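Breakdown of the fold
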Amino acid sequence: MGQKDLLIIIPAYNEGKNIGAFLDQLERPEITEIADILVMNDASLDHTGDIVRSRGHKVVDHVYNLGYGSGLQVGYKYAMGKDYRYLIQMDADGQHDVCNILPIYRKLKTADEKGRCPDIVLGSRFMEGSITYPISLVKRIAYSMFRMMIRMEAGRKIQDPTTGLQGLSRRAFCFYAGFNHFDDKYPDANMIMQMLLLGFCVEEMPAVMHARTEGVSMHSGIKPVIYMFRMLFSIIAVWVRVKLFHVDVGTVDEGVIS
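Residues numbered from 1 in each chain as written. Predicted model: local features only at pLDDT ≥ 70, side-chain atom pairs only at ≥ 80, totals over all residues. Heavy atoms only, no water.

1. Looking at a nonpolar patch on the surface
On the surface, Val138, Ile222, Val225, Ile226, Phe229, Phe233 and Ile236 cluster together into a nonpolar patch covering about 660 Å² of accessible area. Broken down by element, the residue count for the nonpolar patch peaks at five residues, all from helix α9 (residues 223–244). Within the secondary structure layout, Phe233 lies in helix α9. (Patch = residues over 30% accessible without salt bridge, like charges linked within 9 Å, V, L, I, M, F, W, Y side chains within 5 Å. Areas by Shrake-Rupley, 256 points an atom, 1.4 Å probe, with all protein chains shown as cover. Salt bridge = Lys/Arg side-chain N within 4 Å of Asp/Glu carboxyl O. Helix = DSSP H or I, 4+ residues; strand = E, 2+ residues; numbered from the N terminus.)

Laid out in structure tokens, this is it:
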């Protein structure tokens, strides 16, 4: 079989209780026909990596825990080196339903009236057509603030600025793969702000997501509060970096192979 043009990347940390069932869904013929799977095993202490390898999928094992953002960036670098044209990132805990893959993939390949295809397709929990998704009060407040900041500074209304379910064109993931272009810890609303300000085409579509049933979320306990303040400062820093200092403006396609 020839080179597939879509790679599904999955950062994973101690997801041994979830990853097997998730791979069961990803191994449906309609998905395996168009996509390869890569799991970034972020120094898991359980058998996450062994489970993935036993299923015949590609695994990158980190010796030390590098964090969610670094795991994603490893996937971007891999996709760039292997000449994939499209990439979809998903969480290993099964919250992102695999039914989203084909619609996002089709959206990435669909040109608008100007002949331009999206660079980034966001799978949204909060659009008409999305499945109801429960979130805490703290997160509701945070998401509202992130939406407001993106709308004020980038002129776009993004319903789900922290979604981890995203499709990326080669142009987008090659840019993310570059040094200092991606947050190594919490790449969420700050990265959406960055890409909008730099002129990337960002689209949003309804998605089906489920609440985690096993394991511990990286946003559990007091972490959502810390995350909220960190993200607010990061969004401001991105705006200053791009709008005031013009970092990366006009250079986003350097080194990107179309």
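2. Side note on the packing of helix α6 (residues 137–154) against helix α8 (residues 189–197)
It is at 10 Å that the axes of α6 and α8 come closest, and there the two elements cross at 15°. By the criterion of interaxial angle, the relationship of α6 to α8 is roughly parallel. For α6 against α8, the interelement crossing comes out right-handed. Every residue of α8 that contacts α6 at Phe146, Met149, Ile150, Glu153 and Ala154 is listed here: Ala189, Ile192, Met193, Leu196 and Leu197. (Axes fitted to C-alpha atoms, helices over the stretch in contact; angles between N-to-C directions. Parallel < 35°, antiparallel > 145°, perpendicular 65-115°, else oblique. Left-handed = near helix turned anticlockwise from the far one by under 90°. Contact = heavy atoms within 4.5 Å.)

3. Some thoughts on empty space enclosed by the protein
A probe matching the size of a water molecule, rolled over the atoms, marks out where space remains unfilled. Counted under the stated rule, the structure contains one cavity of 30 Å³ or more. What lines the largest cavity is simply Gln89, Gln166, Tyr176, Phe182, Pro187, Asp188, Met191 and Ile192. When the residues that make up the lining of the largest cavity are grouped by side-chain class, the tally is five nonpolar, two polar and one charged. (1 Å grid on protein atoms, 1.4 Å probe; cavity = no way out; pocket = protein on both sides within 12 Å on 5 of 7 lines; lining within 4 Å. Points joined across faces, edges and corners; volume = space filled by probe spheres on them. Nonpolar A, V, L, I, M, F, W, Y, C, P; charged D, E, K, R; others polar.)

4. Regarding the sheet that holds strand β1 (residues 6–12)
The strands that make up a sheet are held in pairs by hydrogen bonds between backbone atoms, and each pair lies either parallel or antiparallel. Read across the sheet, seven strands follow the order β3-β2-β1-β4-β6-β5-β7 without closing on themselves; strand pairing throughout is mixed. One side of each edge strand has no neighbouring strand; the edge strands of this open sheet are β3 (58–61) and β7 (202–206). Going across the sheet, the axis of each strand differs from the next one's by a mean of 20°, ignoring polarity. Bridge analysis of β1 against strand β2 (residues 35–41) gives seven bridges, and the strand direction is parallel. Along β2, the bridge assignment pairs Leu6 with Ala35. Sheet contacts for helix α5 (residues 101–108): β1, β4 (86–89), β5 (120–124), β6 (166–169) and β7; angle to β4, the most-contacted strand, approximately 145°. (Pairing = 2+ DSSP bridges.)

5. Focus: α5
Listed as buried for α5 are Ile101, Ile104, Tyr105 and Leu108. Buried residues in α5, looked at end-on, bunch into an arc of 100°, giving them a common side. (Buried < 20%, exposed > 50% of the residue type's maximum accessible area, 1.4 Å probe, protein only. Arc of directions from axis to C-beta.)

6. Quick look at unusual backbone geometry
One can expect most non-glycine residues to show negative phi and most peptide bonds to be in trans. Although it is not a glycine, Ala43 sits at a positive phi angle of roughly 55°. Here Ala43 is to be found in the loop between β2 and α3 (48–54). Positive phi outside glycine occurs at Asp248, with the angle close to 70°. Within the secondary structure layout, Asp248 lies in the segment after α9.

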